[in-house]
Each structure stands twice: as C-alpha cells, then as structure tokens.
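# Structure at a glance
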Amino acid sequence: MGSLSGILQRPIVAAAAVAVASVSTDLSDKLPSLKSLDTFSAIDRSHSSLSNSVREPNISWVSHISVSKLTNMSFVTRIRVPIPNANFPSSNSIRKFVPNTLASSLLLNSYQSAELAKGPKPTAFTNAIPTSPPDVLYRWHLPEPDAIDVSGSFDCSLGKSRTVVVLLGWLGSKQKHLKKYADWYTSRGFHAITFTFPMAEILSYQVGGKAEQDIDLLVNHLADWLEEEHGKNLVFHTFSNTGWLTYGVVLEKFQNQDPSLMGRIKGCIVDSAPVAAPDPQVWASGFSAAFLKKNSVATKVHVSSNESNVEILVGSKTLVEPKPAATEAALLVILEKFFSVILNLPTVNRRLSDVLSLLSSGQPSCPQLYIYSSADRVIPAMSVESFIEDQRRAGHEVMACNFVSTPHVDHFRNDPKLYSAQLSQFLDDYVLTSCKRA
C-alpha cells in the first residue's frame, strides 16, 4: 500500500480520456497538414505508455477508490511526494549503445561509475547511438574533440573538461529532447549528463522505491566522478519545476552524504521555473502539458488577437495568449481538483516543503541563471521574479533573462541565438572565471 499508482489511477484515467479526446479532435482537423511531423507519433507513444501503466494487474484492486475519500484513508498519510524516476538500464542495454571500440567490460563498468570520460574517441561513442534508442535513466555525453574554445586559453579549456553539466529534464521529457542541450555543451568542451523521467514511472511511484534509488544512482555517480581528481566541478541545468525539484533532492542527498560536495557546484541554470510552493494549479498545468504535448495551449503563443484569446500587457509589448480548448479546460479542472487533495496530504506536503525550503534558503553559494518567459502558461513569470529577488536578498549572485513571448521550456528552440548568448555569458563570466575575455 506504499504505491501512489492506485490513488492516481481513477483521476488520471479520467484526465487521460480528456487528453485523448483533445488530441483526437485536433488530429481530425489538422492531420492533412501535419502528416510529415513526428510530434503525433510521440503523443501516441505517450498515451500508449499511460494506458499500459494504468492497466497493470497489480493495481487493479484500487480501481474503486474515489479521490473524495482519500482524506479518510489512513494509509495515505504514509505516502511521500511522488518524485519522478526512470528505469536504470542493465549492462546488456548499455552494451547496445557502446561501439565495438568501447565494448570491453572494463569500459562498460567505467561508464556506470562515471569514468567514461577516460574512454578513447568520444565521437565514436556518440555516433554509435541508435536513432531511436529506448530511454534510460541517464546518459553521459563526452566533450567533442574539436570543441569550440573562443577564448584560446588553456586554463579555460581545462576548466571545461573538468566540468560536468547535469541536465535535469521536465515532466514527460525524453533523452532525445535533452540531446540538443547536451550537444550545445559538448561542442564547447563540457561533459554533460541528461536525466529524464518517463511518465509511466511517475504514475507508478512507490514510497522508498525505485525513484529514490534512481536519484541515489545519479548522486553516487557524480560523487565518484568528483573524487577521481582534484578540480572537477558540477553545473546544474534544470527544466521546469520537475527538474528544479529534482535538483533540490540531489542537494539534499549531497548534504547527507558529504556536505563538501555542495562546494563543487559552480553554477545553476533554471529554465522555466520555479514556483516555490505546492500549487495545485501549477501541477495541473504541468501534467496537462505533459499529456497533451504540442496540443496543449501551454506550447502556443498567438500573435494576433481575436475573441478566443487573452491579451496580456508586458512592458511595451502586448502578448496575445490563446484560451484552452474545452477538452483541455476540462482536463485542467480534473487535475487541479486532484492535486488540491494530493498536495495537502500531510506527508506529501511535508516532503515537498522540506525540498522547497532547501531550494529557497539552503542552496550552494554558486551563481544562478534564470531563463523564463511572461508567456509561460505553466510557470507564472511573477513567481520566478519573486524567487529571483529573494535569492538576491539572500546574497546570491543572480542573472535572469525574460524571453517575453516564448512558451514553457521552449525558449531555446524559439530563440537559439539569445539562449546561447545567455548561457555563454553566464558560464564564461560567472562559472569559469578563467574564460573571461580581456
């Protein structure tokens, strides 16, 4: 009875039904012009995964549970917050991604213990990854041999090669979604790790189970890598509240395992977050966007006004945001009511509060960069700006950039030039001081 899957089943099935209806409606209207896109195949796989997860035999006994009765059930007070997880691949699954030149048992073990950085010919490893491999818990990306170094400084290049950027994905993200960010870092000489959470694993979360174990694996991997050689450091790049909360759990585990690890974190980049409170509306918006993918209003910003849109004045600009379709509006209502119950369960609320407290007042002293947008329909810009001011008052060095009109976790795709400039300036001027330009 330590599983949230039973509690999640009934409202999530209803939410999924609304999501499927929304996608089906949009497909019937738009399919002729969108056949060439890969988006809908990703949506189908997402719904298939969700459908399979709620039909597992071991959770069928809870199909009659009503959300309205949750607060009367004694076992729910022992449920901890559903931290996302993912399956860690076996050595056999790892072997599929490693070319023959790296397939020795020594190097396979090195990959799991964060020593893959010592393997030869990193480009061979990258090129050998299949075009559509199954998602894994996390993947290590090696610096490219011909990485760009505009500074021309040996110290700068050395600093980058001793830095791992840990990319913590958003709700529903996959390895393929984070690859473009990893490529940006590896092309500039950094190591990168991409960490993602399959939706099915989130819905089948068990207290003290695989989710916590998966984050422990990542933390131990990073700790082992840091201990190999003096001068190695970490930078975290988080996406949405899911990635940001996962960062908080990592910090918590660092503190418990070895507080000195906190000092090895040299920078934190926060994309499309945070909301530093257990807000049911934010959680509902996040899950709705994860279910509906590109069919969600959270992914769209209109440039022309009509009666179905809402105008928002941001400085000298007027943003025109579309209203959600009826099916998405219904989905949001279901999810918001659901999370208003779940997030107020004493144990869940206490667990979230502990992580949020650490992120608010116990972060390492490293510089922070916040990338957000006034057009974000999941994370309100005012919440981000309020948190930024709190961090500055606490003495942290903080940079921030409002992209104004770009959707949730979609800033890089919509404005890659500005996004790259913000990352480069932050890393060169605040994280790797040896890379400062004369």
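Residues numbered from 1 in each chain as written. Predicted model: local features only at pLDDT ≥ 70, side-chain atom pairs only at ≥ 80, totals over all residues. Heavy atoms only, no water.

Going by the annotation in an unreviewed UniProt entry, the name recorded for the chain is AB hydrolase-1 domain-containing protein, with Hevea brasiliensis given as the source organism. The record held by UniProt for the chain lists under Sequence similarities (unreviewed entry) the comment "Belongs to the TMEM53 family." Per UniProt, the comment on the chain under Subcellular location (unreviewed entry) is "Nucleus outer membrane". (UniProt positions renumbered as here; feature names shortened; annotations may be inferred.)

## Overview of the overall build of the chain
The number of helices and strands found in the chain is 16 helices and nine strands. Residues counted as buried form 53% of the 438 residues belonging to the chain. Pairs at least 24 apart in sequence give 79% of the contacts found in the chain among residues at least 6 apart. Surface exposure of the chain reaches about 19,300 Å², of which carbon and sulfur atoms provide 53%. (Helix = DSSP H or I, 4+ residues; strand = E, 2+ residues; numbered from the N terminus. Buried < 20%, exposed > 50% of the residue type's maximum accessible area, 1.4 Å probe, protein only. Contact = heavy atoms within 4.5 Å. Areas by Shrake-Rupley, 256 points an atom, 1.4 Å probe, with all protein chains shown as cover.)

## Notes on the pairing of strand E2 (residues 163-168)
Most of E2 sits inside the fold, with six of its six residues counted as buried. Side chains Thr163, Val165 and Leu167 project from E2 onto one buried face, and the interleaved Val164, Val166 and Leu168 project onto a second face that is buried too. Bridge count between E2 and strand E4 (residues 233-239): six bridges; the pairing is parallel. The residue bridging Leu167 from the neighbouring strand is His237, located in E4. Where E2 lies against strand E3 (residues 191-195), five bridges are found, and the strand directions are parallel. Bridging from a neighbouring strand, Val165 pairs with Ala192 of E3. In terms of handedness, the path from E2 via helix H7 (residues 175-186) over to E3 forms a crossover that is right-handed. (Pairing = 2+ DSSP bridges. Right-handed = clockwise from strand over helix to strand, strands pointing away.)

## Focus on unusual backbone geometry
Each neighbour pair has its own omega, and for Ala273 with Pro274 the value is 5°, a cis peptide bond. Tracing the chain through its elements places Pro274 in the loop between strand E5 (265-271) and helix H11 (280-292). Look at Ser240: it is not a glycine, yet its phi comes out positive at around 60°. With respect to the element layout, Ser240 can be found in helix H10 (residues 240-257). A positive phi angle is found at Val404, which is not glycine, with a value near 65°.

## Focus on the environment of Ile371
On the secondary structure map, Ile371 appears in strand E8 (residues 368-372). Residues Ile371 and Phe239, spaced 132 residues apart in sequence, show a C-alpha to C-alpha distance of 9.6 Å. Look past the residues within four positions of Ile371 in its chain and what remains in contact with it is Ile269, Val270, Asp271, Ser272, Cys401, Phe403, His411, Tyr419 and Leu423.

## Quick notes on the packing of aromatic side chains
Enumeration over the complete set of coordinates arrives at 18 aromatic pairs. Ring centres of Phe426 and Tyr430 lie 6.0 Å apart, and the angle between their planes is 25°; this geometry places the pair in the stacked category. Linking Phe426 with Tyr430, this pair stays in helix H16 (residues 416-431), spanning four residues, or about one helical turn. Overall, the relative accessible area of 0% leaves Phe426 in the buried class. Tyr430 sits in the partly exposed class, given a relative accessible area of 28%. (Phe/Tyr/Trp six-rings, centres within 6.5 Å; stacked < 30°, edge-to-face > 60°.)

## With respect to the environment of Trp184
Along the chain, Trp184 turns up in helix H7. The buried category is assigned to Trp184, whose relative accessible area is 7%. Once the C-alpha coordinates of Trp184 and Ala147 are considered, the two residues, 37 residues apart in sequence, prove to be 10.0 Å apart. The contact partners of Trp184, leaving out residues within four places of it in the chain, are Phe412, Ser420, Leu423, Ser424 and Leu427.

## Here's the deal with the pattern of salt bridges
Under the criterion given, the structure shown has eight salt bridges. The closest approach of N and O atoms between Lys232 and Glu228, which form a salt bridge, is 2.9 Å. What makes Lys232 buried here is its relative accessible area of 7%. On the basis of relative accessibility, which here comes to 27%, the residue Glu228 falls in the partly exposed class. (Salt bridge = Lys/Arg side-chain N within 4 Å of Asp/Glu carboxyl O.)

## Here we look at the confidence of the model for the chain
Across the chain, the average pLDDT comes to 73, with 59% of residues at or above 70. For the chain, helix H3 (residues 91-95) is the element with the lowest average pLDDT, namely 38, and E8 is the one with the highest, namely 98. Across residues 27-132, confidence stays below pLDDT 50; counting only partners more than four residues off in sequence or on other chains, it has 173 contacts. Predicted confidence for residues 304-316 stays below pLDDT 50, and this span has 27 contacts to residues more than four positions away or in other chains. (pLDDT = per-residue confidence, 0-100.)

## Description of the sheet that holds E5
Hydrogen bonding along the main chain pairs the strands of a sheet, whether they run parallel or antiparallel. Strand order across the open sheet formed by seven strands is E1-E3-E2-E4-E5-E8-E9, with mixed pairing between neighbours. Every interior strand has two partners, whereas the edge strands, strand E1 (138-141) and strand E9 (398-402), have only one. Going from strand to strand, the sheet's axes swing by 15° on average, the running direction of each strand aside. The sheet strands contacting H10 are E2, E3, E4 and E5, and the helix crosses E4 at an angle near 150°. Of the strands in this sheet, E8 and E9 are in contact with helix H14 (residues 381-393), which crosses E8 at around 165°. (Axes fitted to C-alpha atoms, helices over the stretch in contact; angles between N-to-C directions.)

## A word on helix H13 (residues 346-361)
Taking 1.5 Å per residue as the helical rise, H13 with its 16 residues ought to reach 22 Å, and the 22 Å between its terminal C-alpha atoms agrees with that figure. Taken together, the buried positions of H13 are Thr347, Val348, Arg351, Leu352, Val355, Leu356, Leu358 and Leu359. Seen end-on, H13 carries its buried residues on one side only, within an arc spanning 165°. Lining the buried residues of H13 we find helix H9 (210-228), H10, H11, helix H12 (326-342) and H14. (Expected span 1.5 Å × (residues − 1). Arc of directions from axis to C-beta.)

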